[in-house]
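Remarks on the overall topology
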Amino acid sequence: METTGKGRRDFLKSLALGAAGTAMLTPQAANAAEGGTLQVWSCGGLAEAMMPAHEAYQQQSGVKVVYTGAFAAALGKSLLTGGGQTEVFAGRVLALAQNLRKAGKMLNFRPLCFTSYVIAVPKGNPAKINDIEDLTRPGVRVSMARDASAPGGQAVMGILKAADITPKVLANVPEQGSCVQRSVESVAEGKADAMIVERRITRMTRFADRLDLVEIPERFFPAGPLTFTVGMMANASDPAKAAAYMDWITSAQGQAFFEAAGFIPAISPKGMELVEKLGVKDVA
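A few points on the structure. (Residues numbered from 1 in each chain as written. Predicted model: local features only at pLDDT ≥ 70, side-chain atom pairs only at ≥ 80, totals over all residues. Heavy atoms only, no water.)

Turning our attention to the sheet that holds strand E7 (residues 211-215). Read across the open sheet, the 3 strands follow the order E6-E5-E7; overall the sheet is antiparallel. If you trace the sheet from one side to the other, it starts and ends with strand E6 (195-198) and E7, each paired once. If you compare each strand with its neighbour and ignore which way they point, the axes differ by 45 degrees on average. Sheet analysis places strand E5 (residues 117-122) next to E7, joined by 5 bridges and oriented antiparallel. Counterpart to Val 121 in the pairing with E7 is Asp 212. Helix-sheet contacts for helix H8 (residues 180-188) involve E5, E6 and E7, and the interaxial angle to E6 is about 130 degrees. (Pairing = 2+ DSSP bridges. Helix = DSSP H or I, 4+ residues; strand = E, 2+ residues; numbered from the N terminus. Axes fitted to C-alpha atoms, helices over the stretch in contact; angles between N-to-C directions. Contact = heavy atoms within 4.5 Å.)

This part is about the packing of aromatic side chains. Under the counting rule described, the total for this entry stands at 6 aromatic pairs. Where Phe 228 meets Phe 263, the ring centres are 5.5 Å apart and the plane angle is 85 degrees; that geometry is what we call edge-to-face. Note that Phe 228 is positioned in strand E8 (residues 227-233) and Phe 263 in the loop between helix H11 (252-260) and strand E9 (264-265), a separation of 35 residues in sequence. Note on accessibility: Phe 228 and Phe 263 belong to one class, buried. (Phe/Tyr/Trp six-rings, centres within 6.5 Å; stacked < 30°, edge-to-face > 60°. Buried < 20%, exposed > 50% of the residue type's maximum accessible area, 1.4 Å probe, protein only.)

Pairing in this open sheet of 6 strands is mixed, and the strands run E2-E1-E3-E8-E4-E9 from one edge to the other. The open sheet has two edge strands, strand E2 (64-70) and E9, and neither has a second partner. As defined by bridge partners, strand E4 (residues 106-114) adjoins E8 across 7 bridges and the pair is classed as antiparallel. Its bridge partner being in E8, Phe 114 is matched across the sheet by Thr 227. Running over the sheet, helix H3 (residues 47-61) touches strand E1 (37-43), E2, strand E3 (88-92) and E4 and is turned about 175 degrees from E2.

Right, here's the structure in full:
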């Protein structure tokens, strides 16, 4: 699901300055760069992209981003019930942003990025896993964290169901885990032969040089967990400052950090395709 060919090469070239954190701010961001703070919440899965992005943004704008990354469903529930408050919220699952808009808690939102799934195997792929069907072969040790917080285990089960291989793969799971990263560690250590996981997890420093990846056909991906949005909350103390941040994080400069962390940037060719396919538009 990553951008490919010339379109991806051109996109990556356009992101190069942003990844280095040296590109100039957009005019709107420059006008809003008056220092101060901006509170941003996101689902924890975005943290690997958000934290370096915020460092670059602070250097360019002078605005300190006070960031919290945690379980999206818990943050979303807190925002919906009024128990929590933030100025910008980047959440997973389109329905969450739509519900916040309908409840009047969020003023607007836009697509931020998308996730995708791969089969992670130990470096060198000793079990010779070439496609998702190979996970059903007798003797293949499949790592899984079925009880991990959503969408970790649920999304993988959805992929297995779509591929019509659930019983055979589950028979190859020696032990169910409860933490995605701990289960991926067993693959990296060679204690398991393969695991279906988000591509972003494989980009983490602790795993990046210890795994090889096998692609999974996009048709098997469950739509719900794929989408991440970013929106301005109704209680933003400075809407112009929040809007400038959102402009930057969805620009080529900000999107470079999501590409590097293993996401599909919303402004990439593949991202724009998914925006249309999944209907990631603010129509409230």
